[in-house]
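# Observations on the model geometry
The primary structure of each chain is shown beneath.
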Amino acid sequence: MTMKTPSISIVVPVFNEEWAIDPFYGKLERALAGYQDCEVIFVDDGSTDRTIDRLLDLSREHLSLKVIKLRRNFGVTHALQAGIDHARGDCIVTISGNLQDEPAEIPKLLKLIDEGFDVVVGWSQSEDGELTRESTSGFSSWLISKISGVQLHDYNCLLRAYRSELLKGLQLYANLERYIPVYIFWKGGTIAETPVLQHPRSHGKRARVSKTKRTLKTILDLFMLKFLEKFSDRPLYIFGALSLGSFAFGLLSLSWMIWLKIFQGKAFIETPLPLVTVLFILTGVLLMVLGVMAEFLARVYLSGRNEPIYAIAQISEPEAK
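Residues numbered from 1 in each chain as written. Predicted model: local features only at pLDDT ≥ 70, side-chain atom pairs only at ≥ 80, totals over all residues. Heavy atoms only, no water.

So, about the overall build of the protein chain. Within the protein chain, the secondary structure is distributed over 9 helices and 7 strands. Classification of the 321 residues of the protein chain by burial places 42% in the buried group. The long-range share in the protein chain, meaning contacts at least 24 apart out of those at least 6 apart in sequence, stands at 79%. Summing over all exposed atoms, the protein chain offers an accessible surface of approximately 18600 Å²; the carbon and sulfur share of this is 61%. (Helix = DSSP H or I, 4+ residues; strand = E, 2+ residues; numbered from the N terminus. Buried < 20%, exposed > 50% of the residue type's maximum accessible area, 1.4 Å probe, protein only. Contact = heavy atoms within 4.5 Å. Areas by Shrake-Rupley, 256 points an atom, 1.4 Å probe, with all protein chains shown as cover.)

Segments scoring low in pLDDT should not have their predicted coordinates read at a detailed level. Here the protein chain averages 81 in pLDDT, while 80% of its residues score no lower than 70. Per-element averaging of pLDDT across the protein chain places helix H5 (residues 139-148) at the bottom with 69 and strand E4 (residues 91-94) at the top with 95. Ignoring residues within four places in sequence, the model shows residues 132-138, a span with pLDDT below 50, making 24 contacts including any to other chains. When the criterion is pLDDT under 50, residues 310-318 qualifies, and its contacts beyond four places in sequence or with other chains add up to 1 contact. (pLDDT = per-residue confidence, 0-100.)

Now for helix H4 (residues 106-114). For an α-helix the count is 3.6 residues per turn, leaving residues at separations of three or four pointing the same way. When we look at burial in H4, the residues that qualify are Ile-106, Leu-109, Leu-110, Leu-112 and Ile-113. Projection of H4 onto a plane perpendicular to its axis shows the buried side chains occupying an angular sector of 160 degrees, all on one side. Residues of H4 that are exposed and angled more than 90 degrees away from the buried face: Lys-111 and Asp-114. Those residues of H4 that are buried are in contact with strand E1 (8-14), helix H1 (21-31), E4, strand E5 (119-125), strand E6 (160-163) and strand E7 (191-197). Remark: Gly-116 follows H4 within two positions and exhibits a positive phi of approximately 120 degrees. (Arc of directions from axis to C-beta.)

As a further point, take the sheet that holds E4. Taking strand neighbours across the sheet as the criterion, the 7 strands line up as E3-E2-E1-E4-E6-E5-E7 in an open arrangement whose pairing is mixed. Looking at which strands have only one partner, the edges of the open sheet turn out to be strand E3 (65-69) and E7. Each strand axis lies, on average, 20 degrees off the axis of its neighbour in the sheet, ignoring direction. Contacting E1, strand E2 (38-44) and E3, helix H2 (residues 51-61) crosses the sheet at an angle of about 155 degrees to E3. Set on the sheet, H4 makes contact with E1, E4, E5, E6 and E7; between it and E7 the angle comes to about 165 degrees. (Pairing = 2+ DSSP bridges. Axes fitted to C-alpha atoms, helices over the stretch in contact; angles between N-to-C directions.)

What follows concerns the packing of aromatic side chains. The geometry of an aromatic ring pair is captured by two quantities: the separation of the ring centres and the angle between the planes. Within this structure, the stated rule accounts for 4 aromatic pairs. Relative to Phe-42, the ring of Phe-24 has its centre 6.0 Å away and its plane inclined at 80 degrees; by these criteria the two rings are edge-to-face. Here Phe-42 lies in strand E2 and Phe-24 lies in helix H1, a separation of 18 residues in the sequence. Taking the centre distance of 6.4 Å and the plane angle of 45 degrees together, the rings of Tyr-25 and Phe-42 count as tilted. Taken together, the residues Tyr-25 in helix H1 and Phe-42 in strand E2 connect sequence positions 17 residues apart. Here Tyr-25 matches Phe-42 in class, with each residue buried. Members of the aromatic cluster, connected to one another through ring pairs, are Phe-24, Tyr-25 and Phe-42. One residue, Arg-72, lies across the ring of Phe-74, its end atom 3.9 Å from the ring centre. (Phe/Tyr/Trp six-rings, centres within 6.5 Å; stacked < 30°, edge-to-face > 60°. Lys NZ or Arg CZ within 6 Å of the ring centre and 35° of its normal.)

Here we take up the state of the cysteines. The full count for this structure, using the stated rule, is 0 disulfides. Left unpaired, Cys-91 is separated from the closest cysteine sulfur, that of Cys-38, by 9.4 Å. On the basis of relative accessibility, which here comes to 7%, the residue Cys-91 falls in the buried class. (Disulfide = S-S within 2.5 Å.)

As structure tokens, then:
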């Protein structure tokens, strides 16, 4: 029997959440009671407790539930990628399975998707309406907004809804799942943000990262994301610009060195300018060579993909007469 393609896919990454599986699924069932075509995809990210056993028990009771077990703990990014790759719905909802995100908020996200938004991002708040966490603070938040052009209150909240066609071909790695809305925005998608209830963490320990380390990671993540978005198909542009800048600085140093020799009578060896000149000119040559190599690699990579490097919003064809 051929299964009907579900309109909604719920992707739930879990790791050592044995205690949460049953109560979470009960909440999820109640939240999705008004929706007919749904599938739930649990991705076990290499749990070492009995999480996978509880999931398999549930999958025997509920035909719309799919379980994916990763061979080891890869992290939430790869778990989400596995779930997205196996999702068949027109809309994909991601949510944490540790009972912090409230499944009852899912209809709120789906309503905004129905209104025409491509991405709906949850803004985690407690029961009293206070923001329970922020993805970054201060400089990091300002930097994300400036580089991405996307103003969001909470980049860490996993409770989100996406139109699935905008996730096709998306390859997640590191911790770039936080920036999926940015990626979709750069592809021309529309984003909405809505407050969602988040409960305090009741089990397990949350990893603590210092603000300085988090800021540095954010800068590197955004740099890589921006590079992939702007220059993945033409890396020579950025390497070429850096190369020309290095050449220009080297020539400026050479000119200054000659000026000092002619008008002030200083020998070349009396200043560090010869070393500076050679350094920047050689750096310019190396950057240009790297740019050409990167361009060749990009051409090979893009020619081997089975998907276009553009995104179509709509196709209008003349009606057959």
